Amino acid sequence: MKSKRNKIVLGSVTLAFLLFFWFCLPRHLFRAPTSFVIDDDHGQLLGASIASDGQWRFPYNPNVPAKFKACIIAFEDQRFEHHPGVDPMALARAVKQDIKARHVVSGGSTLTMQVIRLATRNDRTIWQKVVEIFRAMRLELTHSKAEILALYTSNAPFGSNVVGLDAASWRYFGRSPDKLSWGEMAALAVLPNSPSLVHPGKNKLILIKKRNSLLDKLCRLHVIDATTARLAKAEPVPERPVPLPQLAPHLLDRFKNDHAANQQNGTRITTTINSVLQQNVTDILERHHQVLKANDIRNAAAIVLDVETGQTLAYVGNIFHTDEPELESNVDVIAAPRSPGSTLKPLLYAAMMHDGLILPNSIIPDIPTQIAGYHPENFDLGYDGAVPASKALARSLNIPAVRMLQQYKYERFHALLRTMGITTLKQPADFYGLSLILGGGENNLWELSGAYADMARVLNHYHRYKGLYDRADFHNPCYTKAEAAKPVLEKGSLLDAGSIYYTLQAMEEVMRPGDELLWQQFSSTQRIAWKTGTSFGFRDGWAIGITPRYVVGVWVGNTNGEGRPGLIGVSTAAPVMFEIFRQLPVTRDWFDMPMGEMARIGVCRESGYRAGEYCDDVDTLWVPKTGLKAPVCSFHQLVHLDASRKWQVTGDCEPPANMVHQSWFVLPPSMEYYYRSKNYQYKQLPPFRPDCPQTRQQRTMELIYPKDGAKVYVPLEADGSRGRMICTAAHRNGGIKIFWHLDDRYIGETVDYHQFALNPSAGKHKLTLVDANGSRLQIFFEVLDKGK
């Protein structure tokens with residue numbers, strides 16, 4: 001009975017001991033915060049930030065350099081590869097030395113036991129030593145020797161506030177551990193033994209003595225030869241810690257923000273950044289900064305994307321001068337919402353063609369425009385009357401863009417941008433209105449460059465996917481590698497390949513600045529489709545360029561929003577963009593026309609719309625298939641002339657048999673007024689013969705300003721007196737008189753040049769125009785009182 005009881009007690013004790021042994025090891029050995037670290041696409045350090053506890057502690061690295069392994073085993077634990085976590089011979093030697101010295105001079109700890117001590121950070125009592133032994137043996141059961149050595153290497157102290165071999169290598173030598181020499185690695189290997197006593201910058205002679213002693217030991221163990229040992233001893237030891245690389249400080253901040261937002265685990269990533277390109281782009285921005293700062297333009301940013309993957313190849317978020325606080329170098333402009341100026345116009349142009357609203361060269365009105373109080377103007381303050389949509393995009397004309405958005409509907413365009421991944425438009429569409437196309441909203445360089453890359457990607461994939469589309473081709477850029485998802489192919493797309501193709505063709509025609517002006521004369525020059533933007537008040541300058549392989553986006557301005565004269569995208573951001581493109585491999589390939597998305601139709605040469613029955617000059621062109629539903633040309637009319645072809649006639653004054661019937665390209669009077677001054681080949685309609693009554697179908701007179709229902713302010717002059725509003729009209733017949741009436745009261749007449757200065761009082765008014773032929777035009781407008 002007693003024997004049975006003893007067995008039960010012994011079994012219970014054994015079970016308790018086994019349970020204690022198994023669970024004595026914490027589930028997570030190391031919980032200390034680690035530094036945020038980003039590497040380039042080849043694993044080289046781009047930048048790192050200090051951990052939240054003030055330590056330079058890089059995340060766990062399972063790869064231990066062979067040199068460090070040899071050094072640390074020789075210095076700390078020669079039988080590491082063979083013992084079970086505890087080295088009885090080392091313990092016995094330590095006890096003997098401690099008794100002889102009558103105080104602790106050696107702990108006899110193995111590297112495994114040191115891992116346990118680093119993880120638990122307990123006091124070095126006898127009891128804790130016993131627990132440490134058990135935990136070390138337990139660690140050996142579930143971890144390989146390589147894993148244990150990696151735990152030690154990543155968490156050992158290396159003096160000052162440096163923890164782990166990776167951090168120590170960069171802090172003391174400015175290189176990764178795999179690039180260290182034997183002398184440098186030996187110097188690091190001796191530091192964890194007494195990090196508070198010896199480290200670079202403290203007790204240099206002791207450090208050299210310990211390093212040389214280790215090198216001699218490595219020579220005796222035949223790890224290195226005598227020559228290597230002698231050369232290693234001649235190497236200097238570092239005097240003090242060195243700064244870590246700061247090649248991509250703003251990308252590091254972005255990673256930290258993304259890590260916090262997405263609650264990721266690891267604090268070290270391998271990015272897609274090409275460090276050579278990153279440095280080159282940084283240098284380019286710095287050179288241009290030295291010039292631009294003379295005009296108090298202090299900040300600039302640039303991004304380079306790979307079209308195929310959307311991966312970021314270079315990310316320079318700002319001019320990085322931390323010693324100049326007025327630069328606000330910490331602001332990452334790539335992620336900052338800014339007014340995009342005209343950079344959204346290519347997306348609208350493509351969307352209009354995608355919906356069949358225009359063809360590539362359909363003419364768009366370019367005349368003074370006022371829509372519900374919104375009065376856009378072109379950058380040069382001029383008007384072309386009518387301009388092909390492709391030329392309007394290439395010249396970045398504002399009024400045609402607003403006219404196009406009015407036709408497309410800003411609500412639809414707002415929804416399209418959101419679907420394409422633009423997240424910065426926080427307000428509903430009505431908040432932005434038609435100003436959305438001219439920079440009335442906010443976008444950032446990250447998403448805008450990504451949207452441009454999306455267009456190129458869709459076009460590149462069109463032939464690969466045999467005429468189908470992958471919705472996933474529209475996505476924001478990324479800065480880490482990810483496995484490509486299997487494409488889910490469908491027939492339609494947000495923007496079809498044909499519309500994108502013609503958009504990029506129009507963007508290629510943008511006139512390049514400076515030395516790039518004659519780019520077509522040189523076979524070595526890169527073909528680039530590009531667009532610039534300038535925000536209202538000259539606060540932001542943009543330039544984004546596309547090739548089949550790359551997208552380069554550049555922003556120039558001031559982070560505090562200060563506008564500067566001359567801060568124009570084409571003269572500030574574009575030169576930077578072209579210089580960056582010269583750092584990229586030149587590709588001779590260009591985007592192929594997606595023939596499956598094209599249809600060959602007759603297009604009116606003068607209007608750019610589908611040819612109608614009265615169009616004389618018809619070109620048979622390839623256009624996007626959606627162009628089959630584009631409007632038919634409405635500008636060509638059949639007019640009836642007399643035999644001299646100098647007068648229009650009607651059946652009331654000329655027998656039909658004597659009439660000459662001729663097709664005529666006729667613009668509305670307001671468009672014609674500006675168009676004819678820049679297009680000498682434009683022929684005005686002949687006037688009606690005096691004995692012929694004019695048909696009411698033809699509109700011969702049009703008021704350019706103000707429009708019906710307009711609300712206007714009458715400005716004050718410099719002396720404080722009330723100014724005048726200039727009203728402008730256009731008439732199809734030259735030399736004719738127009739009689740002006742305000743509120744049914746005659747106020748004067750004009751001939752040829754139909755402008756009239758009015759000084760109406762605040763309130764609602766009626767303006768009536770009557771020409772010499774009796775044609776009548778009437779509109780209503782309201783003058784607002786600034787005092788109310």
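Keep in mind it's a predicted model, so treat the numbers as computed, not measured.

The rules we used
Residues numbered from 1 in each chain as written. Predicted model: local features only at pLDDT ≥ 70, side-chain atom pairs only at ≥ 80, totals over all residues. Heavy atoms only, no water. Helix = DSSP H or I, 4+ residues; strand = E, 2+ residues; numbered from the N terminus. Rg over C-alpha atoms; globule rule 2.2 N^0.38 Å. Buried < 20%, exposed > 50% of the residue type's maximum accessible area, 1.4 Å probe, protein only. Contact = heavy atoms within 4.5 Å. Areas by Shrake-Rupley, 256 points an atom, 1.4 Å probe, with all protein chains shown as cover. Lys, Arg positive; Asp, Glu negative; His and termini not counted. Charge placed at Lys NZ, Arg CZ, Asp CG, Glu CD. Phe/Tyr/Trp six-rings, centres within 6.5 Å; stacked < 30°, edge-to-face > 60°. Pairing = 2+ DSSP bridges. Axes fitted to C-alpha atoms, helices over the stretch in contact; angles between N-to-C directions. Core = buried A, V, L, I, M, F, W, Y, C linked by side-chain atoms within 4.5 Å. Salt bridge = Lys/Arg side-chain N within 4 Å of Asp/Glu carboxyl O. Disulfide = S-S within 2.5 Å. Polar contact = N/O pair within 3.5 Å; in protein donor to acceptor, adjacent residues only side chain to side chain.

Caption draft 1: A look at the overall build of the chain. Counting its secondary structure elements, the chain contains 21 helices and 26 strands. Computed over its C-alpha atoms, the radius of gyration of the chain comes to 39 Å, more than 25% above the 28 Å expected for a compact globule of 788 residues. Out of the 788 residues belonging to the chain, those deemed buried represent 53%. Long-range contacts, defined as pairs at least 24 residues apart, comprise 65% of the intrachain contacts of the chain with a sequence gap of at least 6. On the chain, roughly 37,600 Å² of surface is accessible, and the fraction owed to carbon and sulfur atoms is 54%. The positive charge centre, built from 89 side chains, and the negative charge centre, built from 78, are 10 Å apart in the chain.

Caption draft 2: Local environment of the packing of aromatic side chains. Tallied over the full model, the rule gives 19 aromatic pairs. Ring plane angle 80° and centroid distance 5.6 Å describe the contact between Phe36 and Phe255, whose orientation is recorded as edge-to-face. Of this pair, Phe36 sits in strand 1 (residues 36-39) while Phe255 sits in helix 11 (residues 249-262); the two residues are 219 residues apart in sequence, bridging distant segments of the chain. Relative accessible area serves as the criterion here: at 1%, Phe255 is assigned to the buried category. Ring centres of Phe68 and Phe158 lie 6.3 Å apart, and the angle between their planes is 45°; this geometry places the pair in the tilted category. Taken together, the positions of Phe68 in helix 2 (residues 66-76) and Phe158 in the loop between helix 6 (145-155) and strand 4 (162-163) put the pair 90 residues apart, joining distant regions of the chain.

Caption draft 3: Seen up close, the sheet that holds strand 12 (residues 529-534). Strand order in the open sheet formed by 5 strands is 7-6-14-13-12, with antiparallel pairing between adjacent strands. The open sheet terminates on both sides in strands that have one partner only, identified here as strand 7 (312-316) and strand 12. On average, each strand axis in the sheet is inclined to that of its neighbour by 10°, with strand direction left out of account. Where strand 13 (residues 540-546) meets strand 14 (residues 550-557), 7 bridges bridge the pair, whose relative direction is antiparallel. Looking across to strand 14, one finds that Gly541 is bridged to Val556. Sheet contacts for helix 12 (residues 275-292): strand 6 (299-306), strand 7 and strand 14; angle to strand 7, the most-contacted strand, approximately 35°. Relative to strand 13, helix 20 (residues 569-581) is tilted by about 35°, and along the sheet it contacts strand 6, strand 12, strand 13 and strand 14.

Caption draft 4: The nonpolar core, seen in detail. Ranked by size, the top nonpolar core spans 95 residues in total, and within it Ile358, Phe413, Ile437, Leu495, Ile546 and Leu667 carry the most contacts. Among the elements that line this core, the one with the most residues is helix 18 (residues 445-464), at 11 residues. Among residues more than four places away in sequence, those in contact with Phe413 are Leu344, Leu347, Leu348, Leu405, Tyr408, Leu436 and Ile437. Of all hydrophobic cores here, the second largest spans 52 residues; its members include Val37, Ala136, Leu191 and Ala229.

Caption draft 5: Main features of unusual backbone geometry. The residue after Tyr705, namely Pro706, is reached through a cis peptide bond having omega 0°. Here Pro706 shows up in the loop between strand 19 (701-705) and strand 20 (710-712). Within the chain, His222 stands out as a residue other than glycine whose phi angle is a positive 65°. Of note, His222 is situated in the loop between helix 9 (204-220) and helix 10 (226-233). Here Lys409, not a glycine, exhibits a phi torsion of approximately 85°, which is positive. Looking at the secondary structure, you find Lys409 in the loop between helix 15 (398-408) and helix 16 (410-419).

Caption draft 6: The pattern of salt bridges, seen in detail. The final tally for this structure, using the stated rule, is 29 salt bridges. By sharing partners, the salt bridges in this structure join Asp642, Glu654, Arg689 and Asp691 into a single network.

Caption draft 7: Looking closely at the environment of Gly183. Position of Gly183 among the secondary structure elements: in helix 8 (residues 182-189). Once residues within four sequence positions are removed from consideration, Gly183 is found in contact with Arg211, Ala232 and Glu235.

Caption draft 8: Examining the state of the cysteines more closely. Enumeration over the complete set of coordinates arrives at 1 disulfide. One disulfide bridge connects Cys653 with Cys692, the sulfur atoms lying 1.5 Å from each other. Since a negative S-S torsion denotes a left-handed disulfide, the Cys653-Cys692 link at about 95° is right-handed. Of this pair, Cys653 sits in the loop between strand 17 (636-641) and strand 18 (660-665) while Cys692 is found in the loop between helix 21 (669-678) and strand 19, placing the two residues 39 residues apart along the sequence. Residues Cys653 and Cys692 agree in their burial class; the two are buried. Cys633 takes part in no disulfide bond, and the closest cysteine sulfur, belonging to Cys615, lies 3.7 Å away.

Caption draft 9: Geometry of the environment of Pro340. Take Pro340: it is sitting in the loop between strand 7 and helix 13 (345-354). Between the C-alpha atoms of Pro340 and Tyr746, which are 406 residues apart in sequence, the distance is 47 Å. Ignoring sequence-local partners within four residues, the contact set of Pro340 consists of Gly439, Gly441, Glu442, Asn443, Leu448, Gly533 and Trp542.

Caption draft 10: The arrangement of the pairing of strand 13 in detail. Across the 7 residues of strand 13, 7 count as buried, placing the element largely inside the fold. Burial of strand 13 is two-sided: the residues Asp540, Trp542, Ile544 and Ile546 facing one way and the residues Gly541, Ala543 and Gly545 facing the other way are all buried. In terms of strand pairing, strand 12 meets strand 13 through 6 bridges, oriented antiparallel. Within the sheet, the bridge partner assigned to Trp530 lies in strand 13 and is Gly545.

Caption draft 11: Just the sheet that holds strand 5 (residues 268-270), in detail. Strand order across the open sheet formed by 3 strands is 2-1-5, with mixed pairing between neighbours. This sheet does not close on itself; its edge strands, each paired only once, are strand 2 (45-49) and strand 5. Going across the sheet, the axis of each strand differs from the next one's by a mean of 10°, ignoring polarity. Note: strand 1 against strand 5, 3 bridges, orientation parallel. Looking at strand 5, one finds that Asp39 is bridged to Thr270. Contacts from helix 11 reach strand 1, strand 2 and strand 5, with the element oriented near 125° to strand 1.

Caption draft 12: Molecular detail of the side chain of Lys345. Take Lys345: it is sitting in helix 13. Here Lys345 is buried and forms no salt bridge, its nearest opposite-charge partner Asp366 lying at an N-O distance of 9.8 Å. Side-chain polar atoms of Lys345 contact the side chain of Ser342, separated by 3.1 Å. A distance of 2.7 Å separates a polar atom in the side chain of Lys345 from a polar atom in the side chain of Asn398. Not counting chain neighbours up to four residues away, the residues in contact with Lys345 comprise Leu393, Ser396, Leu397, Asn398, Ala401, Ile437, Leu438 and Lys531.

So, to be careful, I would describe these as geometric facts and stop short of saying anything about function.
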